Amino acid sequence: MKTILVLHTGGTISMSEDQTTGKVSPTSENPLKKRGHLFDNVANMIVEDFFHLPSPHMTPDKMLILKNRIEQAIAAHEADGVVITHGTDTLEETAYFLDLTLETSIPIVVTGAMRSINEVGSDGLYNFQSAIWVALAEEAKEKGVLVVMNDEIHTARYVTKTHTSNVATFRTPTFGPIGLISKNKVLFFQKLIEEEIYSINTVNKKVYLLKVYAGMDGTLFDAVNQPTTDGLVIEALGAGNLPPATLPALKRVLANNIPVVLVSRSFNGIAQDVYDYMGGGKQLKEDGVIFATGLSGPKARIKLQVVLSQATLTRSLEDYF
Ligand SMILES: NC(=O)C[C@H](N)C(=O)O
């Protein structure tokens, strides 16, 4: 029988709702630990209450601690797969951080819940069970970090939370899920074309994220243009365009050798340097802005932070995106 390492980090999957007030609060011990017997004939389980965090409290430093624990388990051949339960608000960022920093072929699966453990129609135990099945599946090997929610299997790289309350909240824009679970049967129908792994031991780079809007000027660009800033990601308009009033401040950021990575604020599609007008993507790229393909703003920020945290860069920063 295979062994699965389960690392609980908190989130609604570990919370309970006060049936009178409707308030959802963390529990002292993750309720899923009491349901371990459901997997007695399925897998050996090593279960750790690793963090007790609502996921808005998750930080890159904590993601690194989680990564190091998993790395230790991999090196010690402690488990055949890993399941991490996590709050959904920042689940996609932790999953992608692990995807970029863990070198392993074993399944690493992240899951969560949109309803607390004692709510009618709670999805936590169901998602947890699905995550265990995926972590046990041979086909889940060599697939990078996976996010399993609501019967779907997504890559950590592209999945995102799209709804504040719906159990079907996790979607992959443009491409869709790479697999599904149906009555505990795990099916894959896609996989990532290439993997990216970066070895890091620290993650203290200051990388900011700005969302662009109609009529935006350079105020926020000037605000992040500091000697302590290591990078900037901008969620630009459409295919990758900016309002002209942002350009002088953007040029001041670039002149201070602060790398600027651009993604689109649009949900689907990719950023492309197409338009040749003031503020158009073609001119931004010529000015040195790096276009990231297919990533969301938060994902591009995680990636820039990880890439800059390596001991050395083996190629130009642009070649990493
Ligand atoms: N569904 C959830 O887990 C949301 C919760 N606020 C969290 O991210 O911890």
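Residues numbered from 1 in each chain as written. Predicted model: local features only at pLDDT ≥ 70, side-chain atom pairs only at ≥ 80, totals over all residues. Heavy atoms only, no water.

Turning next to the site of the ligand. In the neighbourhood of the ligand, the contacting residues comprise Gly-11, Thr-12, Pro-54, Ser-55, Pro-56, Gly-87, Thr-88, Asp-89, Ala-113 and Met-114. Contacts to the ligand include Thr-88, whose side-chain N or O atom sits 2.8 Å from a nitrogen atom. Within the contact set of the ligand, a nitrogen atom lies 2.7 Å away from a backbone nitrogen or oxygen of Ala-113. By residue class, the composition of the shell around the ligand is four nonpolar, five polar and one charged. (Near = heavy atom within 4 Å. Polar contact = N/O pair within 3.5 Å; in protein donor to acceptor, adjacent residues only side chain to side chain. Nonpolar A, V, L, I, M, F, W, Y, C, P; charged D, E, K, R; others polar.)

Time to look at the packing of helix H1 (residues 60-75) against helix H2 (residues 91-101). At a minimum axis separation of 10 Å, H1 and H2 run at an interaxial angle of 50°. Taken together, the axes of H1 and H2 lie oblique to each other. Seen along the crossing, H1 lies across H2 with a hand that is right-handed. Between H1 and H2, the residues in contact are Pro-60, Met-63, Leu-64, Leu-66, Lys-67, Ile-70 and Glu-71 and Glu-93, Thr-94, Phe-97, Leu-98 and Thr-101, respectively. Its residues placed into classes, the contact of H1 with H2 shows seven nonpolar, two polar and three charged. (Axes fitted to C-alpha atoms, helices over the stretch in contact; angles between N-to-C directions. Helix = DSSP H or I, 4+ residues; strand = E, 2+ residues; numbered from the N terminus. Parallel < 35°, antiparallel > 145°, perpendicular 65-115°, else oblique. Left-handed = near helix turned anticlockwise from the far one by under 90°. Contact = heavy atoms within 4.5 Å.)

The next subject is the packing of aromatic side chains. Under the definition given, this model contains five aromatic pairs. Each ring, one from Phe-50 and one from Phe-51, has its centre 4.9 Å from the other, and the planes form 70°; the classification is edge-to-face. We classify Phe-51 as buried; its relative accessible area is 13%. Note that Lys-143 overlies the ring of Phe-188, its terminal NZ or CZ placed 4.5 Å from the centroid. Looking at Lys-303, its charged tip hangs above the ring of Phe-321, at a distance of 5.0 Å from the centre. (Phe/Tyr/Trp six-rings, centres within 6.5 Å; stacked < 30°, edge-to-face > 60°. Buried < 20%, exposed > 50% of the residue type's maximum accessible area, 1.4 Å probe, protein only. Lys NZ or Arg CZ within 6 Å of the ring centre and 35° of its normal.)

Residues annotated in UniProt with the feature "active site" (unreviewed entry) correspond here to Thr-12 and Thr-88. Taken together, the annotated residues stretch across 77 residues yet fold into one region, lying no more than 7.6 Å apart by C-alpha. Tracing the sequence through the fold places Thr-12 in the loop between strand E1 (3-8) and strand E2 (15-17). Exposure remark for Thr-12: the relative accessible area of 23% places this residue in the partly exposed category. Looking at where Thr-88 falls in the secondary structure, it is placed in the loop between strand E5 (81-85) and H2. (UniProt positions renumbered as here; feature names shortened; annotations may be inferred.)

Before going further, it helps to spend a moment on the sheet that holds E5. Ordered by their spatial adjacency, eight strands build an open sheet running E4-E1-E5-E6-E7-E8-E11-E12, and the pairing between neighbours is mixed. Every interior strand has two partners, whereas the edge strands, strand E4 (44-49) and strand E12 (185-188), have only one. Each neighbouring strand pair of the sheet contributes to a mean axis angle of 25°, computed without reference to strand direction. Against the sheet, H2 makes contact with E5, strand E6 (108-111) and strand E7 (145-149), and its axis sits at roughly 155° relative to E7, the strand it touches most. (Pairing = 2+ DSSP bridges.)

The subject of this paragraph is the UniProt feature "domain: Asparaginase/glutaminase C-terminal" (unreviewed entry) in the protein. As recorded in UniProt, the sites labelled "domain: Asparaginase/glutaminase C-terminal" (unreviewed entry) are residues 206-321. Counting secondary structure, residues 206-321 comes out at 28% helix and 16% strand; the distance between its end C-alpha atoms is 18 Å.

Right, let's get into the pattern of salt bridges. Using the criterion set out here, one finds 14 salt bridges in the structure. In this structure, the salt-bridge partner of Arg-69 is Glu-78, at a minimum N-O distance of 2.6 Å. Judged by its relative accessible area of 10%, Arg-69 falls in the buried class. Glu-78 sits in the partly exposed class, given a relative accessible area of 26%. Notably, a salt bridge pairs Asp-222 with Arg-252, separated by 2.9 Å at the nearest N-O pair. A residue pair is termed long-range when its members are at least 10 positions apart, and Asp-222 in helix H4 (residues 219-224) and Arg-252 in helix H5 (residues 247-255) qualify at 30 residues. The partly exposed category is assigned to Asp-222, whose relative accessible area is 33%. Arg-252 sits in the partly exposed class, given a relative accessible area of 39%. Ionic contacts of the salt-bridge type, sharing partners, join the residues Arg-157, Glu-194, Glu-196 and Lys-303 into one network. (Salt bridge = Lys/Arg side-chain N within 4 Å of Asp/Glu carboxyl O.)

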